[in-house]
Amino acid sequence: MRLSLSITGSALALVIATSFASCPTEALAQRHHHKQQSDLSEPADGVDDARPHTKQAGKKVLPVLGETQDTIIAVINGIPLTRRDVDNRGRLFALSTGLPMNEDVMSRMRPQIIRQLIDERLRTQEILNRHINVTPEQIAAAIEGIEKRNGMPANALRNRLAQDGVSLTTLIDQIRVQIGWTQVLRQELGTRYRMTSQEISQRTDALQKQEGRPEYFISEIFVPVEDARHSETELKFTETIIQELRKGAPFSIVAAQFSQAQSALDGGSMGWVQEDSLDPEVVAMVRKMPEGAISNPIKVAGGYVIATVLGKRIIGHQPGTLLNVRQAFIPFAEHLNPQNPTPQQRQALQTSVQIAQQSHSCEDLIAANKKLGEVRPSNPGELQLERLNPQMQQVLGTLPIGKTTRPLVSEDGIALLMVCSKTTKNFANRTPSEIADQLLNERVEQTARQLDRDLHRKAVIEMRSKT
């Protein structure tokens, strides 16, 4: 079991992406857009160099796990970074991806974790310099959201982290930096976060001129290289991450933990991008990749990129079906053993059958879900039929409007779904607000990279060990 603990969001809003390993969002969507996350149940059966400028102070070898945790690895503008900080972040990553944590895995991840924590220290200092206050209420709300979406009682997350040897402070620090950095970017952009009608019109005209050309829905992980002449460490780390992604580690969580691109705040998602917006090396790779695949390391200026293609389409042409769905969910008190269901699980099945028989409209299903405590939201958001996994396409594609599905059993509960409406549309047609979002994302990425470069250039970073 894993907990999805990453914080994702755009420059203007934060979204907490949280779920169990059996999260129906992952089970439901074969490929999903980060703005279309849902909680449905699966039926059973061009890059700039972002490296820190460092001063080497020694070559001490770090101890293995279990030895002293107070070893100072680096000092960033007078603030120490310890072995304990690095190992705690490694354990948090292992918890959020379901990976076993051992010294071999940790040794491969440690250089990148150090680089990430150095970046976070610099960002934290910038947050403080700008007198930005991330309130306890904001952090508590983020943690509450994690607990709620994971079906955990209040205050249970601390125990869950402690059980896996992770201090709650480690998660709080990461949440605080990401919320605060979002506010820094807002300040830096100022009035430029609003797109003018002229800018939107210009982008609309540009897209029309590109009609018929391919575009891709891509998520990325960017691993910066400290020294282009000696990139073996970063390449080894990149290959390790690719191995774990191909074993099933969730891309969005890995990107949020380790990517040094601004898209990490959106779980690595770049949205729909055209070929002329990508590095030539990335274009050459994604042209050949099937949807859902994880790329090999892609060498670009400043580092390596790991890419996954979540969709391909021709600009101006993507017909599809949009579903407006409602659901009711009955949770299990414990994980289901299909060969030996508990009395509570048998009762849940009977309850689901009764609800299915008594629900003749979406309003009926909403009311039933509220009586069940609305463990999962009644409205999971609009879904594109073509992006669901084959099982759910079959279930929902032929389901009459206003009729419930059969009970859909997963290891943590039973769901009932109902299609309220179906709409055929051309998904390649972008609304002005969607174009404005794309322009804003590009502006935020450029601003963030420039600000990160400035922070590194001004920083005094003393490295006392790299491992």
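Scroll up for the structure.
Cut-offs and rules
- Residues numbered from 1 in each chain as written.
- Predicted model: local features only at pLDDT ≥ 70, side-chain atom pairs only at ≥ 80, totals over all residues.
- Heavy atoms only, no water.
- Salt bridge = Lys/Arg side-chain N within 4 Å of Asp/Glu carboxyl O.
- Buried < 20%, exposed > 50% of the residue type's maximum accessible area, 1.4 Å probe, protein only.
- Disulfide = S-S within 2.5 Å.
- Helix = DSSP H or I, 4+ residues; strand = E, 2+ residues; numbered from the N terminus.
- Pairing = 2+ DSSP bridges.
- Axes fitted to C-alpha atoms, helices over the stretch in contact; angles between N-to-C directions.
- Parallel < 35°, antiparallel > 145°, perpendicular 65-115°, else oblique.
- Contact = heavy atoms within 4.5 Å.
- Nonpolar A, V, L, I, M, F, W, Y, C, P; charged D, E, K, R; others polar.

Structural notes on the pattern of salt bridges
Here is step 1 of the chain: Evaluation of the coordinates by the stated rule reveals 18 salt bridges.
Here is step 2 of the chain: Note that arginine 130 and glutamate 126 form a salt bridge whose closest N and O atoms lie 2.7 Å from each other.
Here is step 3 of the chain: Judged by relative accessible area, arginine 130 falls into the partly exposed class, the value being 22%.
Here is step 4 of the chain: If you follow the salt bridges from partner to partner, you end up with Arg83, Asp87 and Arg110 in one network.

A short note on the state of the cysteines
Two cysteines form a disulfide when their sulfur atoms are joined by a covalent bond.
Here is step 1 of the chain: Inspection of every chain in the model, using the stated rule, returns one disulfide.
Here is step 2 of the chain: Each sulfur of the disulfide joining cysteine 362 and cysteine 420 lies 1.9 Å from the other. Residues cysteine 362 and cysteine 420 are joined through a disulfide that is left-handed, its torsion about the S-S bond being -120 degrees. In this pair, cysteine 362 sits in helix H12 (residues 362-371) while cysteine 420 sits in strand S13 (residues 413-426), placing the two residues 58 residues apart along the sequence.
Here is step 3 of the chain: Assessed through its relative accessible area of 21%, cysteine 420 is described here as partly exposed.

Some remarks on the pairing of strand S5 (residues 79-82)
Here is step 1 of the chain: In this structure, strand S4 (residues 72-76) lies alongside S5, joined through four bridges in antiparallel fashion. When the sheet's bridge partners are listed, alanine 74 is paired in S5 with leucine 81.
Here is step 2 of the chain: Once S4 ends, the chain turns through two residues before running back antiparallel as S5, passing asparagine 77 with a positive phi of about 50 degrees.

Notes on the packing of helix H2 (residues 83-97) against helix H6 (residues 168-189)
Here is step 1 of the chain: Between H2 and H6, the shortest axis-to-axis distance is 9 Å and the interhelical angle comes to 85 degrees. It follows that H2 is roughly perpendicular to H6 by the angle criterion. For the pair H2 and H6, the contacting residues are Asn88, Arg89 and Leu92 in the first and Thr170, Leu171 and Gln174 in the second.
Here is step 2 of the chain: When its residues are assigned to classes, the contact of H2 with H6 shows two nonpolar, three polar and one charged.

Thoughts on the sheet that holds strand S8 (residues 298-300)
Here is step 1 of the chain: Strand order across the open sheet formed by four strands is S7-S6-S9-S8, with antiparallel pairing between neighbours. Bordering the open sheet on either side are strand S7 (269-274) and S8, each of which pairs with just one other strand. Across the sheet, the axes of successive neighbouring strands diverge by a mean angle of 45 degrees, strand direction being ignored.

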